[in-house]
Amino acid sequence: MPELPEVEAVCRAVRRAATGRRIVALHASPRLCAPQTPGAIARAVCGKRLRSVERRGKNILLHLDGISLWMHLRMTGHLFPAGPGLESGGYAARVLLDNGRCLLLEDPRRLAVMRAAPPQKLSAMLGPLGVDPLSLSFTPERLEGLGRASRAAVKNFLMNQRRVAGLGNIYSAEALFRAGINPRTITARLGRRRWGRLHASITSVLAEALESGRRAYRRPGGLAVGETFRCAVYGREGLPCFGCRRRIRRIAQSGRSSYFCPGCQR
DNA sequence: CTGCCCCTGTAA
DNA sequence: TTACAGGGGCAG
C-alpha cells in the first residue's frame, strides 16, 4: 500500500506512540528478517529505547540506542501502533514496548523486509536514494537537473528511487496528470515550463495525500492510510476524466500499469 | 533501462 | 483459471 505519504504517516504515528519507549520483545517471521534471523534482530534491539524515527523515501528507520531497525513495507506492508489485546490476523512482526503497547507489522503478501544494523551501515545502504520530494532541496531546478539526461519515459523516471525517492505507481501517475504530461514522454525532452509544472504537481499531490492519510490513520487499527485520497487517473481505466470527460486509458510501462487522460496529458 | 522474480490475495 | 496488485533486487 505505501508510497511516500503513507510511509510518512506511518512514521508520524510510530513517532508519537513509541518514542522514548523501550523494546521488550520482538517476534517476526523469518522471511521478513532474511538474511538475518528473528532471533538475531530481537537480541539486537531488546532492551534498547527508541530515540527517533526517520523516513528516507519509502524506508523507515527506527533509531535505538546504538542500533537501528530498518523496515521497508514494499507492496502490502502496514505498520501501526496497537494495544496489547489486538490479535489481528497474520502479522509479520510484533515489537512489544515497555508500556504494554506494541508496533504491529502486517503484510499478507510477505514482501516487506526488516533488518537491524548500526545506523552508519544503514545509511550506506540507503546512499543511492535520490532527493526526497518533501525536502527543501527538492526544487524545480534540481528536478530538471536530474532528468535532463534521462531517455526513459517520464513515468519511469519518476519511479526510479535513485532520482526521486518516494514516488510510486499511484502518485507518479497522479502528478503527471496534474502537470498535463503524457507518461510516455521522454524525460529529457521536457521543457522548462513542464519541469516547473511537474515539480508543483508532485509537491501538491504528496501534500494532499499526506493530509488525507493523516485523517485516515487517526483510527487505531482502522482504515488504511491513503484510502481517502481521490485519484484522478490511477485505477480509473475507461471512466471519464474529471476535467475533459474523455475516457482514462491504461497502458503498460516496464511491466506496470500507467493510467492517463489522453485529452489532458499530451 | 527493461524483464523476471519474489509472495499471496482478489477480481474478472 | 488467469490477470493483476501501491515495490524493488537482480540479471541481461
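For the structure itself, consult the block above.
All figures in this text were calculated on a predicted structure; none of them were measured in a lab.

Turning to the protein's contact with DNA strand C, a few remarks are in order. Among the 18 residues in the neighbourhood of DNA strand C, the closest are listed as K58, H72, Y234, R256 and S257. Contact distances for DNA strand C include 2.8 Å between a phosphate oxygen and a side-chain N or O atom of K58. A distance of 2.9 Å is found between a phosphate oxygen of DNA strand C and a side-chain nitrogen or oxygen belonging to R256. Breaking the surface near DNA strand C down by element, the ones donating at least two residues are α7 (169–179) and β10 (256–260).

Overall, the coordinates contain 11 salt bridges when judged by the stated rule. Among the salt bridges present, the one from E8 reaches R55, with a minimum N-O distance of 2.6 Å. Of the two residues, E8 sits in helix α1 (residues 4–18) while R55 sits in strand β2 (residues 50–56), which places them 47 residues apart along the sequence. Side by side, E8 and R55 carry an identical accessibility label, which is buried. Within the structure, one salt-bridge network assembled from shared partners comprises E8, R12, R55 and D132.

Across all of its chains, the model carries three aromatic pairs by this definition. A ring pair is formed by F157 and W195, whose centres lie 6.0 Å apart and whose planes are at 80 degrees; its orientation type is edge-to-face. With F157 in helix α6 (residues 154–159) and W195 in helix α8 (residues 192–217), the pair connects residues that are 38 residues apart, well separated along the chain. Just as F157 is buried, W195 falls in that class too. A ring pair is formed by Y234 and Y259, whose centres lie 5.2 Å apart and whose planes are at 70 degrees; its orientation type is edge-to-face.

Looking now at helix α3 (residues 38–45). Every buried residue of α3 is accounted for by P38, I41, A42 and V45. Summarising the axial view, the buried residues of α3 lie within an arc of 100 degrees, below the 170-degree limit, and thus occupy one face. Structurally, α3 contributes buried residues whose contacts are with β1 (23–28), α2 (30–33), β3 (59–64), β4 (68–72) and β8 (113–117). Immediately downstream of α3, the backbone of G47 shows phi near 90 degrees, a positive value.

To continue, consider the nonpolar core. Counting residues in hydrophobic clusters, the biggest one holds 32 residues, and the most contacted among them are L26, I60, L62, L69, L79, L105 and M114. For this core, the leading source of residues is α1, giving five residues. When neighbours within four sequence positions are excluded, I60 is seen to be in contact with V7, V10, C11, E54, L69, W70, M71, L73 and L79.

Sheet analysis places β2 next to β3, joined by six bridges and oriented antiparallel. By the bridge assignment for β3, L50 is matched with L64. The turn joining β2 and β3, which pair antiparallel and follow one another in sequence, is formed by two residues; a positive phi near 60 degrees is taken by G57.

The next point concerns the environment of V164. Structurally, the position occupied by V164 is in the loop between α6 and α7. The exposure class of V164 is buried, given its relative accessible area of 0%. The sequence separation of V164 and T228 amounts to 64 residues, and the corresponding C-alpha distance is 24 Å. V164 has contacts with G130, V131, P133, F138, L143 and L158, leaving out every residue within four places of it along the chain.

This brings us to the sheet that holds strand β5 (residues 78–82). Pairing is antiparallel in the open sheet, where four strands are placed in the order β1-β6-β7-β5. Of all the strands in the sheet, just β1 and β5 have a single pairing partner and so form its edges. Averaged over all pairs of adjacent strands, the angle between strand axes in this sheet comes to 15 degrees, irrespective of strand direction. Where strand β6 (residues 91–97) and strand β7 (residues 102–106) come together, five bridges link them in antiparallel fashion. Its bridge partner lying in β7, V95 is registered against L103. Together, β5, β6 and β7 form the strand contacts of α1, whose direction differs from that of β5 by roughly 25 degrees.

Let's shift gears to unusual backbone geometry. Excluding glycine, most residues fall at negative phi; most peptide bonds, likewise, are trans. Here the amide bond leading from A34 into P35 is cis, since omega sits at 10 degrees, within 30 degrees of zero. Tracing the sequence through the fold places P35 in the loop between α2 and α3. Not every positive phi belongs to a glycine, and S254 is a case in point at roughly 50 degrees. Summarising the element assignment, S254 is placed in the loop between β9 (249–253) and β10.

Here we take up the protein's contact with DNA strand B. The environment of DNA strand B is formed by R31, P108, R109, L111, S150, A152, N156, R163 and S254. Within 4 Å of the protein, the contacting atoms of DNA strand B are 70% sugar and phosphate, with bases supplying the remainder. R31 has a polar side-chain atom sitting 2.6 Å from a phosphate oxygen of DNA strand B. Within the side chain of R109, a nitrogen or oxygen atom sits 2.8 Å from a base oxygen of DNA strand B. Its residues assigned to classes, the surface near DNA strand B comprises three nonpolar, three polar and three charged.

Here is what the cut-offs are and how they apply
Residues numbered from 1 in each chain as written. Chains lettered and ligands numbered in written order. Predicted model: local features only at pLDDT ≥ 70, side-chain atom pairs only at ≥ 80, totals over all residues. Heavy atoms only, no water. Near = heavy atom within 4 Å. Polar contact = N/O pair within 3.5 Å; in protein donor to acceptor, adjacent residues only side chain to side chain. Helix = DSSP H or I, 4+ residues; strand = E, 2+ residues; numbered from the N terminus. Salt bridge = Lys/Arg side-chain N within 4 Å of Asp/Glu carboxyl O. Buried < 20%, exposed > 50% of the residue type's maximum accessible area, 1.4 Å probe, protein only. Phe/Tyr/Trp six-rings, centres within 6.5 Å; stacked < 30°, edge-to-face > 60°. Arc of directions from axis to C-beta. Contact = heavy atoms within 4.5 Å. Core = buried A, V, L, I, M, F, W, Y, C linked by side-chain atoms within 4.5 Å. Pairing = 2+ DSSP bridges. Axes fitted to C-alpha atoms, helices over the stretch in contact; angles between N-to-C directions. Nonpolar A, V, L, I, M, F, W, Y, C, P; charged D, E, K, R; others polar.

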